[in-house]
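Chain by chain, the residues run as shown.
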Amino acid sequence: MKFILASSLIASASAFSVFGNKAPVAESPAFAVESIPGALEPMGLFDPLGFAAKADEGTLKRYREAELAHGRVAMLATVGFLVGEAVESKTFLFNGEVTGPAITHLAQVNPVFWVLLGAGIAKAETERAEIGWVEPKNVPFDKPGVLRETYIPGNLGFDPLGLKPEDEE
């Protein structure tokens, strides 16, 4: 169980890493299907339904932003589920009042926790919107959700260990 927990923590931390081999970038848009980060040889971009082929650069950036955000939430939820199983009533958190299988833990948590969690999520999402999205007053009515030109999806400046390389090479 400790091995599974440790490997889950490492896997979830890697979601915030920017390392990895990138496909060579030619004179093309920053988020073209051929050069999007994550399109690695020999497989290239995994897009079995062809969404990326039909998308322009702005839409592709929004797809990638959604993919990264949902992936990070899913990894943290998985770690939380595993930790909930591993530390049942052995922690100072919630005074050891939460017991039983992890699937039943949500109903046992104090409502104050949910208020604090909701406020934290609202703060994080507001900051993410301020970093990545153009202000609504500067966006045409028929094109909501425009990302900033200089914004790289997923890059929120969170690098407490200083792992991000200085140059792109």
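About the thresholds
- Residues numbered from 1 in each chain as written.
- Predicted model: local features only at pLDDT ≥ 70, side-chain atom pairs only at ≥ 80, totals over all residues.
- Heavy atoms only, no water.
- Helix = DSSP H or I, 4+ residues; strand = E, 2+ residues; numbered from the N terminus.
- Buried < 20%, exposed > 50% of the residue type's maximum accessible area, 1.4 Å probe, protein only.
- Contact = heavy atoms within 4.5 Å.
- Expected span 1.5 Å × (residues − 1).
- Phe/Tyr/Trp six-rings, centres within 6.5 Å; stacked < 30°, edge-to-face > 60°.
- pLDDT = per-residue confidence, 0-100.
- 1 Å grid on protein atoms, 1.4 Å probe; cavity = no way out; pocket = protein on both sides within 12 Å on 5 of 7 lines; lining within 4 Å.
- Points joined across faces, edges and corners; volume = space filled by probe spheres on them.
- Nonpolar A, V, L, I, M, F, W, Y, C, P; charged D, E, K, R; others polar.
- Patch = residues over 30% accessible without salt bridge, like charges linked within 9 Å, V, L, I, M, F, W, Y side chains within 5 Å.
- Areas by Shrake-Rupley, 256 points an atom, 1.4 Å probe, with all protein chains shown as cover.
- Salt bridge = Lys/Arg side-chain N within 4 Å of Asp/Glu carboxyl O.
- Polar contact = N/O pair within 3.5 Å; in protein donor to acceptor, adjacent residues only side chain to side chain.
- Lys, Arg positive; Asp, Glu negative; His and termini not counted.

**A closer look at the overall build of the protein**
Next, step 1: Tallying secondary structure elements over the protein gives 4 helices and 0 strands in all.
Next, step 2: Residue burial in the protein is summarised as follows: out of 169 residues, 20% are buried.
Next, step 3: Within the protein, contacts between residues at least 6 apart in sequence are counted, and of these 48% link residues at least 24 apart.

**A few points about helix 2 (residues 57–86)**
Next, step 1: For helix 2, with 30 residues, the first-to-last C-alpha span of 43 Å sits near the 44 Å given by 1.5 Å per residue.
Next, step 2: Taken as a whole, helix 2 has its buried residues at Thr59, Leu60, Lys61, Arg64, Glu65, Ala69, Arg72, Val79, Leu82 and Gly84.

**Focus: the packing of aromatic side chains**
Next, step 1: Using the criterion set out here, one finds 2 aromatic pairs in the structure.
Next, step 2: Taking 5.1 Å as the distance between ring centres and 70 degrees as the angle between the ring planes, the aromatic pair formed by Phe113 and Trp114 counts as edge-to-face.

**Some details on the confidence of the model for the protein**
Next, step 1: When pLDDT is averaged along the protein, the result is 76, and 74% of the positions lie at 70 or above.
Next, step 2: For the stretch residues 11–29, pLDDT sits under 50, and the model shows 20 contacts to residues farther than four places along the chain or on other chains.

**Quick look at the layout of surface pockets**
Next, step 1: For the second largest pocket, the calculated volume is near 210 Å³.
Next, step 2: In this structure, the second largest pocket is lined by Asp56, Glu57, Gly58, Thr59, Lys61, Arg62, Lys143, Val146, Leu147, Arg148 and Glu149.
Next, step 3: The residue makeup of the lining of the second largest pocket, split by class, is 2 nonpolar, 2 polar and 7 charged.

**Some details on a nonpolar patch on the surface**
Next, step 1: A contiguous nonpolar patch, built from Leu106, Trp114, Leu117 and Ile121 and spanning about 370 Å² of accessible area, is present on the exposed surface.
Next, step 2: It is helix 4 (residues 111–132) that contributes the most residues to the nonpolar patch, 3 residues altogether.
Next, step 3: Tracing the backbone through its elements, the reader meets Leu117 in helix 4.
Next, step 4: By relative accessible area, Leu117 is classed as partly exposed at 34%.

**Description of the pattern of salt bridges**
Next, step 1: Counting across every chain of the model gives 5 salt bridges.
Next, step 2: Notably, a salt bridge pairs Arg128 with Glu65, separated by 2.6 Å at the nearest N-O pair. Of this pair, Arg128 sits in helix 4 while Glu65 sits in helix 2, placing them 63 residues apart in sequence.
Next, step 3: Notably, a salt bridge pairs Arg128 with Glu125, separated by 2.8 Å at the nearest N-O pair. Note that Arg128 and Glu125 are positioned in helix 4 at a spacing of 3 residues, about one turn of the helix.
Next, step 4: Note on Arg128: relative accessible area 16%, which makes it buried.
Next, step 5: You can call Glu125 partly exposed: its relative accessible area is 39%.
Next, step 6: Residues joined by salt bridges that share partners form a network here, namely Glu65, Glu125 and Arg128.

**Observations concerning helix 4**
Next, step 1: With 22 residues, helix 4 extends 32 Å between its outermost C-alpha atoms, agreeing within 8% with the 32 Å of an ideal straight helix rising 1.5 Å per residue.
Next, step 2: Two to three positions downstream of the cap, the backbone nitrogen of Val112 sits 3.0 Å from a side-chain oxygen, assigning the N-cap of helix 4 to Asn110.

**Observations concerning the side chain of Lys61**
Next, step 1: By secondary structure assignment, the location of Lys61 is in helix 2.
Next, step 2: In this structure, Lys61 is buried with no salt-bridge partner, the nearest side chain bearing the opposite charge being Glu57 at 4.9 Å.
Next, step 3: In terms of polar contacts, Lys61 uses its side chain to reach the backbone carbonyl oxygen of Arg148, at 3.0 Å.

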